[in-house]
Protein chains: 2
Amino acid sequence: MITIKKIAELANVSTATVSKVLNGKDQYISEETRKRILDIVEKEGYIPNGIAKSLKIKKTKTIGLIIPDVMNPFFAEIARGAEDAAEEKGYTIVICNSDNRFSKEEKYLSILQEKMVDGVIMTATESNTSQTIERCNIPIVLVDRDLQMDKPIGRITVNNEEGTFMATSYLIGKGCKNICFISSKIVNKLSKERLQGYKKALEENGFPVDENKIYLESFNVETGYKGVNELLKKGHMDGICCGNDLIAIGAIRALKEKGLKVPDEVKVIGFDDISISKYVEPPLTTIRQPIYEIGRESVNMLLSIIEKGKTKMHKVLTVTLVERGSS
Amino acid sequence: MITIKKIAELANVSTATVSKVLNGKDQYISEETRKRILDIVEKEGYIPNGIAKSLKIKKTKTIGLIIPDVMNPFFAEIARGAEDAAEEKGYTIVICNSDNRFSKEEKYLSILQEKMVDGVIMTATESNTSQTIERCNIPIVLVDRDLQMDKPIGRITVNNEEGTFMATSYLIGKGCKNICFISSKIVNKLSKERLQGYKKALEENGFPVDENKIYLESFNVETGYKGVNELLKKGHMDGICCGNDLIAIGAIRALKEKGLKVPDEVKVIGFDDISISKYVEPPLTTIRQPIYEIGRESVNMLLSIIEKGKTKMHKVLTVTLVERGSS
DNA sequence: ATGAAAGCGCTAACAG
DNA sequence: CTGTTAGCGCTTTCAT
């Protein structure tokens, strides 16, 4: 391996001088030696050892990203937004899949700290993660899910309650009388808010909240599919407000198998607007979150904490209803 | 920040001793001091500085992963498989999106080398990337796309030609007489092979290869959509062999808009079997690649190069036809 | 069973 | 304009 020392010898200068030209701190370096050094660097194919540099300057220019699963289109988009913003700022992303499990969140948080990442962006699943986060001494920004923290951290959220409220109200406006709700049973703020918005819309419009019309499992396609089948056993439905698009896709699939027409007989509305939603059949009407932007904003917020010393930031992005074919 | 030196002082031992117990090299350490050190480490919440360790041992336990785009479900699955396998082996993944652009591939390769990653897994887009790879002095394994290299590297491929050959033959077997082909126009082995398989199946069954039935653009939904519209202007079709599932999804969408029934009037077959393919309507018949396994295998191969000094490995995984509703 | 000391490759005061 | 030098926090050989 060729080091800065070797370059210094070849150029007949000290390592300090080489370091200076390599880092652009060369106001006081003669043009001649500067060029000589650069030529040698080029000729020898010298690659700086970032690890050594990081040890010295105590910055790794890397960010940890802990999400439940990159295979979930929602988180893949968050990851892409984050990586794009990071790349623009000269940072790199270490990706970690937690599968919504506390043990993995904890493990990764610890690994990332050992790797001396400059900060982490995470979707914290369980509330006991909050203790782990409190103990963590690197900047953190929470995305998608929200947690109450003593420690100042960054948070990016969306008005979930408003989203499902809009969704359910929309269904009511379309004439639905029996609206079901299929979502996740994870006990966190996000799930609670989405359920709340659904109930609130029902109540404000004079409809009863019927627990037999609610199916709670996970934020995935299978849940939508199973949910419809279970709810159908319990009664009639003409509208479904889904906790996310994946659930809506599974629900539509089950509905079709039962011979129920979407949106004619049952109207379905999703949440998130993941990129494939416009391509399913019928195209999904959904509550849109600016997913990619959330990813970008998460690193921008993190960097303003890291580089500008900001703290306790909180940004709420707005959701909008996008009308397509499923309701 | 609390360091090993501090722990040593508190425990009244040398840093060497602390290091030994921390790394399990404590055969010769008395049980008593071992316990004392561990207690202090625990109590102080000591976190080892992985950067310092890496500088010393010249291993970072991290792997770079360069793919075109994590938002593409195919690469998201590769990423997930890779991360899972890496996690099991104590490695971490740095993710890089190249957008199929040489400049980004080159840039990331250089950044990853500076970060001293132990190896990189990449989907190399352009053939001029091969020169950059030759110059790179860390272990590399190529996935999905294949490149001819002098330097010994790892490669994981799939029999693409066989895949589209099977797909097209299947369509012919179903009675299609006018089979179109929609795929990517990237000039690489993979694209060439997939086109080749299609042509070969046509020829072997006595059908002419008609350039007016071929539309080449990108491996995405838009291409499928536009492809169908363009090809429809040029003539009749009753079957489409698609370069990947995303294209198939776009094609089906366009077909429906034109009022053409899938699979009754036009049969469509995809390639990859990305996870959403079974949920589209109709569920996609496709040539399945073991995507998740490819991701896993890529890190396993990389690690056997890194840790066991293997070289020039090449693994070809098999594709299989999965029959669903679209043809 | 434990410690002293060298050194990984780099940066940044400070000196000259 | 350039060099000397002291570390960053850790591992590891070699002594003891």
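Now for a look at the structure at hand. (Residues numbered from 1 in each chain as written. Chains lettered and ligands numbered in written order. Predicted model: local features only at pLDDT ≥ 70, side-chain atom pairs only at ≥ 80, totals over all residues. Heavy atoms only, no water.)

1. Details of the interface of chain B and chain A
Worth spelling out the cut-off: The criterion used for residue contact is that any of the two residues' heavy atoms lie within 4.5 Å. A simple way to read buried area is as the amount of 1.4 Å-probe accessible surface that goes missing from two parts once joined, with both sides added. One side-chain nitrogen of Lys or Arg within 4 Å of one carboxyl oxygen of Asp or Glu is enough to make a salt bridge. In the analysis that follows, any N or O atom pair within 3.5 Å is treated as a polar contact, provided that within protein one partner can donate a hydrogen and the other can accept it, and provided that, for residues neighboring in sequence, both atoms belong to side chains. Working definition: helices are DSSP H or I runs of at least four residues, strands are E runs of at least two. Numbering for both runs from the N terminus. Under the convention adopted here, Pro, Cys and the residues Ala, Val, Leu, Ile, Met, Phe, Trp and Tyr are nonpolar, Asp, Glu, Lys and Arg are charged, and Gly plus all remaining residues are polar. Any two strands are treated as partners once DSSP identifies two or more bridges connecting them.
Between chain B and chain A, the residue contacts involve 48 residues of the former and 48 residues of the latter. On the chain B side of the contact with chain A, I51(B), R80(B) and Y279(B) bury the most area, a combined 16% of that side's loss. Linking chain B to chain A there are 10 salt bridges. A salt bridge links E281(A) to R253(B); the shortest N-O distance between them is 3.3 Å. Here chain B is connected to chain A by 22 residue pairs in polar contact (both at pLDDT 80 or more). Elements supplying a minimum of two residues to the side of chain B that touches chain A: α4 (50–57), α5 (73–88), β2 (92–97), α6 (102–114), α10 (221–234) and α11 (245–257) of chain B. Here the side of chain B that touches chain A is composed, by residue class, of 23 nonpolar, nine polar and 16 charged. Relative to β2(B), strand β2 (residues 92–97) of chain A runs antiparallel, the two sharing three bridges.

2. Digging into unusual backbone geometry
All names here are of chain A. Worth spelling out the cut-off: For each residue, the accessible area found with a 1.4 Å probe, counting protein chains only, is set against the maximum for its type, and the residue is called buried under 20%, exposed over 50%, and partly exposed in between.
Across the junction of V262 and P263, the peptide omega takes the value 5°, indicating a cis bond. Along the chain, P263 falls in the loop between α11 (245–257) and β9 (267–272). Of note, the bond from E281 into P282 is cis; its omega dihedral lies within 30 degrees of zero at -5°. Even without glycine at this site, D99 takes up a positive phi of about 50°. Within the secondary structure, D99 is located in the loop between β2 and α6 (102–114). Judged by its relative accessible area of 32%, D99 falls in the partly exposed class.

3. Regarding the environment of K278(B)
Note that K278(B) resides in the loop between β9 (267–272) and β10 (285–288). What makes K278(B) partly exposed here is its relative accessible area of 37%. Residues K278(B) and M149(B) lie 129 residues apart in sequence; the distance between their C-alpha atoms is 37 Å. Once residues within four sequence positions are removed from consideration, K278(B) is found in contact with R253(A), P283(B) and R324(B). At a separation of 3.3 Å, a polar atom in the side chain of K278(B) contacts the main-chain carbonyl oxygen of S275(B).

Without other data, these values stay purely geometric and don't point to any function.
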